Amino acid sequence: MYPLKRNRRLRTTEAMRSLVRENTITANDFIVPVFVVEGNGVKDEIPSMPNYYRYSLDTLQDEIKELWSLGLKSVLLFVKVPENLKDNAGKEALNPDGLMQRAIKTVKNTCPEMIVMTDVALDPYSQYGHDGIVANGEIVNDPTTTFLANMALSHAQAGADVIAPSDMMDGRILAMRSLLEEEGFYNTGIMSYSAKYASAFYGPFRDALDSAPVDLQDIPKDKKSYQMDPANREEAIRETLMDIDEGADIVMVKPGLCYLDIVRDIRNVVDIPVAVYQVSGEYAMLKAAAEKGWLDHDAVMMEQILSIKRAGATLIASYFAKDVVKLLS
Ligand code: PBG
(Lines give C-alpha, C1' and ligand atoms only; values in the text may rest on other atoms or scores of the structure.)
Protein backbone atom coordinates (compact mmCIF):
# COMPACT_ATOMS: atom_id res chain seq x y z
CA MET A 1 0.00 0.00 0.00
CA TYR A 2 1.28 3.45 -0.93
CA PRO A 3 2.18 5.68 2.11
CA LEU A 4 -0.75 6.73 4.28
CA LYS A 5 1.26 9.70 5.31
CA ARG A 6 2.10 12.35 2.75
CA ASN A 7 3.99 15.32 4.19
CA ARG A 8 3.35 17.36 1.06
CA ARG A 9 -0.36 17.72 1.92
CA LEU A 10 0.53 20.49 4.33
CA ARG A 11 2.65 22.28 1.73
CA THR A 12 0.10 22.58 -1.05
CA THR A 13 -0.74 26.31 -0.87
CA GLU A 14 0.64 29.38 0.84
CA ALA A 15 -2.48 29.51 3.03
CA MET A 16 -1.92 25.93 4.16
CA ARG A 17 1.78 26.50 4.73
CA SER A 18 1.09 29.57 6.79
CA LEU A 19 -1.33 27.63 9.01
CA VAL A 20 1.29 25.07 10.00
CA ARG A 21 4.32 27.40 10.08
CA GLU A 22 6.35 26.98 13.27
CA ASN A 23 8.21 30.30 13.29
CA THR A 24 7.46 33.81 12.09
CA ILE A 25 9.40 37.05 12.14
CA THR A 26 8.01 40.34 13.42
CA ALA A 27 9.46 43.70 14.43
CA ASN A 28 9.40 42.50 18.04
CA ASP A 29 12.24 40.11 17.28
CA PHE A 30 14.81 42.82 16.70
CA ILE A 31 17.47 44.86 18.41
CA VAL A 32 18.90 47.51 16.06
CA PRO A 33 22.64 48.26 16.42
CA VAL A 34 23.28 51.99 16.02
CA PHE A 35 26.66 53.70 15.49
CA VAL A 36 27.06 57.21 16.87
CA VAL A 37 29.77 59.80 16.11
CA GLU A 38 30.58 63.35 17.14
CA GLY A 39 29.66 66.18 14.79
CA ASN A 40 26.67 67.77 13.14
CA GLY A 41 24.55 66.60 10.26
CA VAL A 42 26.60 63.44 9.91
CA LYS A 43 25.16 60.39 8.18
CA ASP A 44 28.26 58.58 7.16
CA GLU A 45 28.08 55.27 5.25
CA ILE A 46 30.41 52.56 6.57
CA PRO A 47 32.42 51.33 3.57
CA SER A 48 32.40 47.64 4.53
CA MET A 49 28.72 47.83 5.57
CA PRO A 50 26.79 49.16 2.54
CA ASN A 51 23.66 51.14 3.44
CA TYR A 52 24.63 51.24 7.13
CA TYR A 53 25.59 54.57 8.70
CA ARG A 54 27.20 56.39 11.58
CA TYR A 55 24.99 59.18 12.95
CA SER A 56 25.73 62.36 14.84
CA LEU A 57 23.33 63.19 17.65
CA ASP A 58 21.09 65.41 15.49
CA THR A 59 20.66 62.94 12.62
CA LEU A 60 20.28 60.19 15.21
CA GLN A 61 16.96 61.72 16.23
CA ASP A 62 15.45 61.23 12.77
CA GLU A 63 16.75 57.69 12.62
CA ILE A 64 15.24 56.84 16.01
CA LYS A 65 11.86 58.26 14.94
CA GLU A 66 11.98 56.18 11.78
CA LEU A 67 12.88 52.99 13.65
CA TRP A 68 10.02 53.52 16.09
CA SER A 69 7.56 54.20 13.27
CA LEU A 70 8.58 50.90 11.71
CA GLY A 71 7.73 49.12 14.95
CA LEU A 72 11.32 48.57 16.06
CA LYS A 73 11.50 48.97 19.82
CA SER A 74 15.11 48.63 20.86
CA VAL A 75 18.48 50.00 19.86
CA LEU A 76 21.95 48.90 20.85
CA LEU A 77 24.26 51.91 20.93
CA PHE A 78 27.93 51.99 19.94
CA VAL A 79 30.10 55.08 19.83
CA LYS A 80 33.10 56.03 17.72
CA VAL A 81 35.46 57.78 20.08
CA PRO A 82 37.88 60.47 18.81
CA GLU A 83 41.48 59.22 18.82
CA ASN A 84 42.68 61.91 21.26
CA LEU A 85 40.23 60.68 23.93
CA LYS A 86 41.50 57.10 23.89
CA ASP A 87 43.71 55.77 26.67
CA ASN A 88 44.34 52.51 28.52
CA ALA A 89 41.98 53.27 31.41
CA GLY A 90 38.67 54.23 29.77
CA LYS A 91 38.60 57.67 31.37
CA GLU A 92 36.33 59.05 28.65
CA ALA A 93 33.93 56.11 29.03
CA LEU A 94 32.98 57.40 32.49
CA ASN A 95 32.50 61.01 31.36
CA PRO A 96 28.89 61.91 32.30
CA ASP A 97 28.88 64.17 29.26
CA GLY A 98 30.63 61.68 26.95
CA LEU A 99 29.25 60.73 23.56
CA MET A 100 27.56 57.54 24.80
CA GLN A 101 25.89 59.32 27.70
CA ARG A 102 24.65 62.07 25.37
CA ALA A 103 23.48 59.48 22.84
CA ILE A 104 21.44 57.68 25.50
CA LYS A 105 19.76 60.94 26.49
CA THR A 106 19.15 61.88 22.86
CA VAL A 107 17.33 58.61 22.17
CA LYS A 108 15.30 58.88 25.36
CA ASN A 109 14.36 62.49 24.67
CA THR A 110 13.37 61.68 21.10
CA CYS A 111 11.44 58.55 21.89
CA PRO A 112 11.00 57.79 25.59
CA GLU A 113 9.56 54.32 24.99
CA MET A 114 12.46 53.11 22.86
CA ILE A 115 14.49 50.53 24.81
CA VAL A 116 18.06 51.78 24.97
CA MET A 117 20.75 49.14 25.25
CA THR A 118 24.41 50.09 25.46
CA ASP A 119 27.62 48.30 24.64
CA VAL A 120 29.87 47.99 27.66
CA ALA A 121 33.50 47.21 26.82
CA LEU A 122 36.66 49.25 26.71
CA ASP A 123 37.61 48.76 23.04
CA PRO A 124 36.23 51.95 21.42
CA TYR A 125 37.96 53.92 24.21
CA SER A 126 41.17 51.89 24.22
CA GLN A 127 44.37 53.12 22.60
CA TYR A 128 45.13 49.42 22.10
CA GLY A 129 41.72 48.40 20.75
CA HIS A 130 41.20 45.91 23.56
CA ASP A 131 38.06 45.29 25.58
CA GLY A 132 40.00 45.53 28.84
CA ILE A 133 42.96 47.23 30.45
CA VAL A 134 46.34 46.12 29.11
CA ALA A 135 49.25 45.54 31.52
CA ASN A 136 52.40 43.47 31.11
CA GLY A 137 51.28 42.15 27.74
CA GLU A 138 48.00 40.89 29.15
CA ILE A 139 44.37 42.01 29.25
CA VAL A 140 43.99 42.13 33.04
CA ASN A 141 40.71 40.73 34.31
CA ASP A 142 39.87 42.11 37.73
CA PRO A 143 40.82 45.77 37.25
CA THR A 144 38.81 45.62 34.03
CA THR A 145 35.66 44.27 35.70
CA THR A 146 35.83 47.03 38.32
CA PHE A 147 36.12 49.60 35.54
CA LEU A 148 33.33 48.04 33.46
CA ALA A 149 30.96 48.07 36.43
CA ASN A 150 31.51 51.82 36.70
CA MET A 151 30.97 52.18 32.96
CA ALA A 152 27.69 50.27 33.27
CA LEU A 153 26.64 52.52 36.16
CA SER A 154 27.42 55.61 34.10
CA HIS A 155 25.16 54.35 31.28
CA ALA A 156 22.40 53.56 33.76
CA GLN A 157 22.70 57.04 35.25
CA ALA A 158 22.38 58.53 31.75
CA GLY A 159 19.14 56.58 31.28
CA ALA A 160 20.05 53.27 29.62
CA ASP A 161 17.43 50.55 30.06
CA VAL A 162 19.71 47.60 29.43
CA ILE A 163 23.47 47.27 29.78
CA ALA A 164 25.12 44.95 27.25
CA PRO A 165 28.61 43.89 28.31
CA SER A 166 30.51 42.52 25.30
CA ASP A 167 33.94 42.16 26.91
CA MET A 168 34.04 38.50 28.07
CA MET A 169 35.95 39.19 31.30
CA ASP A 170 35.28 36.71 34.11
CA GLY A 171 32.97 37.95 36.84
CA ARG A 172 31.86 41.14 35.13
CA ILE A 173 28.16 40.39 35.36
CA LEU A 174 28.38 39.99 39.13
CA ALA A 175 30.44 43.18 39.41
CA MET A 176 27.92 45.15 37.34
CA ARG A 177 24.83 43.68 38.94
CA SER A 178 26.18 44.35 42.44
CA LEU A 179 27.08 47.95 41.71
CA LEU A 180 23.77 48.66 39.94
CA GLU A 181 21.83 47.24 42.92
CA GLU A 182 23.96 49.18 45.38
CA GLU A 183 23.28 52.41 43.52
CA GLY A 184 19.55 51.81 43.27
CA PHE A 185 19.41 50.83 39.59
CA TYR A 186 17.53 47.64 40.31
CA ASN A 187 15.44 47.95 37.16
CA THR A 188 18.39 48.25 34.80
CA GLY A 189 18.63 45.08 32.75
CA ILE A 190 21.78 43.22 31.80
CA MET A 191 22.01 41.54 28.42
CA SER A 192 25.22 39.61 28.63
CA TYR A 193 27.24 38.62 25.59
CA SER A 194 27.68 35.25 27.29
CA ALA A 195 29.00 33.08 24.51
CA LYS A 196 30.99 35.49 22.40
CA TYR A 197 33.51 33.92 20.11
CA ALA A 198 36.89 35.22 18.92
CA SER A 199 35.50 35.60 15.41
CA ALA A 200 36.88 36.99 12.18
CA PHE A 201 33.36 38.18 11.35
CA TYR A 202 33.76 41.37 13.43
CA GLY A 203 36.01 43.06 10.84
CA PRO A 204 33.51 45.59 9.40
CA PHE A 205 32.36 46.59 12.90
CA ARG A 206 35.94 47.42 13.86
CA ASP A 207 36.18 49.52 10.67
CA ALA A 208 32.99 51.33 11.67
CA LEU A 209 34.36 52.30 15.08
CA ASP A 210 38.06 52.30 14.23
CA SER A 211 38.50 49.92 17.16
CA ALA A 212 40.63 47.02 15.87
CA PRO A 213 43.41 45.77 18.18
CA VAL A 214 46.65 47.59 17.36
CA ASP A 215 49.70 45.89 15.96
CA LEU A 216 52.32 46.73 18.60
CA GLN A 217 55.06 44.65 20.08
CA ASP A 218 54.15 43.08 23.46
CA ILE A 219 50.44 43.76 22.97
CA PRO A 220 48.18 40.84 22.00
CA LYS A 221 46.96 41.38 18.42
CA ASP A 222 43.78 39.42 18.86
CA LYS A 223 41.10 38.84 21.49
CA LYS A 224 41.62 35.08 21.88
CA SER A 225 42.62 35.32 25.54
CA TYR A 226 39.13 36.50 26.46
CA GLN A 227 36.70 35.72 23.63
CA MET A 228 35.84 32.05 23.10
CA ASP A 229 37.56 29.54 20.87
CA PRO A 230 35.31 28.79 17.85
CA ALA A 231 36.16 25.11 18.35
CA ASN A 232 34.26 24.94 21.63
CA ARG A 233 30.66 24.01 22.29
CA GLU A 234 30.36 22.79 25.90
CA GLU A 235 32.18 25.87 27.15
CA ALA A 236 29.40 28.07 25.77
CA ILE A 237 26.94 26.47 28.15
CA ARG A 238 29.28 26.95 31.10
CA GLU A 239 29.83 30.63 30.25
CA THR A 240 26.10 31.21 29.85
CA LEU A 241 25.02 29.48 33.06
CA MET A 242 27.62 31.46 35.00
CA ASP A 243 26.31 34.74 33.61
CA ILE A 244 22.77 33.80 34.62
CA ASP A 245 23.97 32.96 38.14
CA GLU A 246 25.71 36.32 38.29
CA GLY A 247 22.52 38.20 37.41
CA ALA A 248 22.10 38.45 33.63
CA ASP A 249 18.50 38.98 32.44
CA ILE A 250 19.18 38.08 28.81
CA VAL A 251 22.06 35.99 27.49
CA MET A 252 23.55 36.18 24.02
CA VAL A 253 25.33 34.08 21.43
CA LYS A 254 27.57 35.88 18.96
CA PRO A 255 28.12 35.61 15.98
CA GLY A 256 24.90 34.15 14.55
CA LEU A 257 24.90 31.90 11.54
CA CYS A 258 28.05 29.89 12.17
CA TYR A 259 26.98 29.33 15.77
CA LEU A 260 23.38 28.14 15.52
CA ASP A 261 24.28 24.82 17.17
CA ILE A 262 25.31 26.85 20.21
CA VAL A 263 22.05 28.82 20.11
CA ARG A 264 20.04 25.60 20.21
CA ASP A 265 22.20 24.07 22.95
CA ILE A 266 21.68 27.13 25.10
CA ARG A 267 17.97 27.46 24.32
CA ASN A 268 17.57 23.88 25.53
CA VAL A 269 19.14 24.50 28.93
CA VAL A 270 18.21 28.05 29.96
CA ASP A 271 14.82 29.54 30.84
CA ILE A 272 15.55 33.21 30.14
CA PRO A 273 15.55 35.07 26.79
CA VAL A 274 18.38 34.21 24.42
CA ALA A 275 19.62 36.91 22.06
CA VAL A 276 21.66 36.25 18.96
CA TYR A 277 23.92 38.83 17.33
CA GLN A 278 24.08 38.53 13.57
CA VAL A 279 27.33 40.43 13.25
CA SER A 280 28.85 42.90 10.82
CA GLY A 281 30.72 40.32 8.74
CA GLU A 282 27.53 38.37 8.18
CA TYR A 283 25.85 41.55 6.94
CA ALA A 284 28.82 42.44 4.71
CA MET A 285 28.91 38.97 3.10
CA LEU A 286 25.31 39.10 1.93
CA LYS A 287 25.53 42.72 0.77
CA ALA A 288 28.62 41.90 -1.29
CA ALA A 289 27.14 38.79 -2.86
CA ALA A 290 23.89 40.62 -3.64
CA GLU A 291 25.78 43.55 -5.20
CA LYS A 292 27.41 41.09 -7.56
CA GLY A 293 24.05 39.61 -8.40
CA TRP A 294 25.08 36.25 -6.99
CA LEU A 295 22.41 36.00 -4.28
CA ASP A 296 18.84 37.25 -3.98
CA HIS A 297 19.30 39.77 -1.16
CA ASP A 298 15.83 39.77 0.36
CA ALA A 299 15.20 36.05 0.10
CA VAL A 300 18.55 35.14 1.64
CA MET A 301 18.15 37.78 4.35
CA MET A 302 14.76 36.42 5.41
CA GLU A 303 16.03 32.84 5.34
CA GLN A 304 18.96 33.77 7.56
CA ILE A 305 16.83 35.64 10.09
CA LEU A 306 14.29 32.86 10.19
CA SER A 307 17.05 30.29 10.72
CA ILE A 308 18.38 32.25 13.68
CA LYS A 309 14.89 32.34 15.17
CA ARG A 310 14.28 28.63 14.46
CA ALA A 311 17.56 27.81 16.20
CA GLY A 312 16.10 29.32 19.36
CA ALA A 313 16.66 33.07 19.38
CA THR A 314 14.19 35.15 21.39
CA LEU A 315 15.79 38.35 20.12
CA ILE A 316 18.05 39.11 17.16
CA ALA A 317 20.51 41.98 17.01
CA SER A 318 20.84 42.57 13.28
CA TYR A 319 21.93 45.22 10.82
CA PHE A 320 19.13 43.90 8.59
CA ALA A 321 16.40 44.82 11.09
CA LYS A 322 15.11 47.79 9.10
CA ASP A 323 15.30 45.98 5.76
CA VAL A 324 13.36 43.06 7.24
CA VAL A 325 10.50 45.04 8.77
CA LYS A 326 10.15 47.14 5.62
CA LEU A 327 9.88 43.95 3.62
CA LEU A 328 7.32 42.52 6.05
CA SER A 329 4.99 45.50 5.81
C1 PBG B 1 33.03 45.31 21.31
C2 PBG B 1 32.11 44.68 20.32
C3 PBG B 1 32.44 44.07 19.11
C4 PBG B 1 31.25 43.76 18.51
C5 PBG B 1 30.23 44.14 19.37
N6 PBG B 1 30.78 44.69 20.49
C7 PBG B 1 33.74 43.86 18.47
C8 PBG B 1 34.75 43.00 19.10
O9 PBG B 1 34.50 42.31 20.09
O10 PBG B 1 35.87 43.04 18.63
C11 PBG B 1 31.11 43.15 17.13
C12 PBG B 1 29.81 43.38 16.43
C13 PBG B 1 29.82 43.14 14.97
O14 PBG B 1 30.79 42.66 14.35
O15 PBG B 1 28.78 43.44 14.35
N16 PBG B 1 33.52 44.53 22.32
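Residues numbered from 1 in each chain as written. Predicted model: local features only at pLDDT ≥ 70, side-chain atom pairs only at ≥ 80, totals over all residues. Heavy atoms only, no water.

Asks: A description of the site of the ligand should follow, citing residues and the corresponding values.
Replies: Taken together, the neighbourhood of the ligand is formed by 18 residues, with Lys196, Lys223, Lys254, Ser280 and Tyr319 sitting nearest. A distance of 3.2 Å separates a nitrogen atom of the ligand from a polar side-chain atom of Asp123. Contacts to the ligand include Asp131, whose side-chain N or O atom sits 2.9 Å from a nitrogen atom. Protein contact buries 100% of the 400 Å² of open area that the ligand shows by itself. Taken atom by atom, the bulk of the ligand overlaps the largest cavity. Residue composition of the shell around the ligand, grouped by class: 8 nonpolar, 3 polar and 7 charged. (Near = heavy atom within 4 Å. Polar contact = N/O pair within 3.5 Å; in protein donor to acceptor, adjacent residues only side chain to side chain. Areas by Shrake-Rupley, 256 points an atom, 1.4 Å probe, with all protein chains shown as cover. 1 Å grid on protein atoms, 1.4 Å probe; cavity = no way out; pocket = protein on both sides within 12 Å on 5 of 7 lines; lining within 4 Å. Sits in = over half its atoms within 2 Å of the grid points. Nonpolar A, V, L, I, M, F, W, Y, C, P; charged D, E, K, R; others polar.)

Asks: Mind laying out the packing of helix 8 (residues 260-269) against helix 10 (residues 297-311), listing which residues take part and the relevant values?
Replies: One way to put it is that helix 8 packs onto helix 10 with a least axis distance of 8 Å and a crossing angle of 30°. Counting all contacts with helix 8, which are made through Leu260, Val263, Arg264 and Arg267, the residues of helix 10 involved are Ser307, Ile308, Arg310 and Ala311. Residue composition of the contact of helix 8 with helix 10, by class: 4 nonpolar, 1 polar and 3 charged. (Axes fitted to C-alpha atoms, helices over the stretch in contact; angles between N-to-C directions. Helix = DSSP H or I, 4+ residues; strand = E, 2+ residues; numbered from the N terminus. Contact = heavy atoms within 4.5 Å.)

Asks: Account for empty space enclosed by the protein, with residues named and values stated.
Replies: Following the criterion strictly, the structure yields 3 cavities of 30 Å³ or more and no others. Considering only enclosed or pocket space, the largest cavity measures out at about 120 Å³ in volume. Split into classes, the residues belonging to the lining of the largest cavity amount to 6 nonpolar, 3 polar and 6 charged. Of the volumes computed, that of the second largest cavity is approximately 60 Å³. What lines the second largest cavity is simply Met169, Asp170, Gly171, Arg172, Ile173, Glu239, Met242, Asp243 and Glu246. Contributions of two or more residues to the lining of the second largest cavity are made by helix 5 (172-182) and helix 7 (234-246). Considering each element in turn, the lining of the second largest cavity owes the most residues, 4 residues, to helix 7. (Points joined across faces, edges and corners; volume = space filled by probe spheres on them.)

Interpretation note: all reported values are geometric properties and have no functional meaning in isolation.
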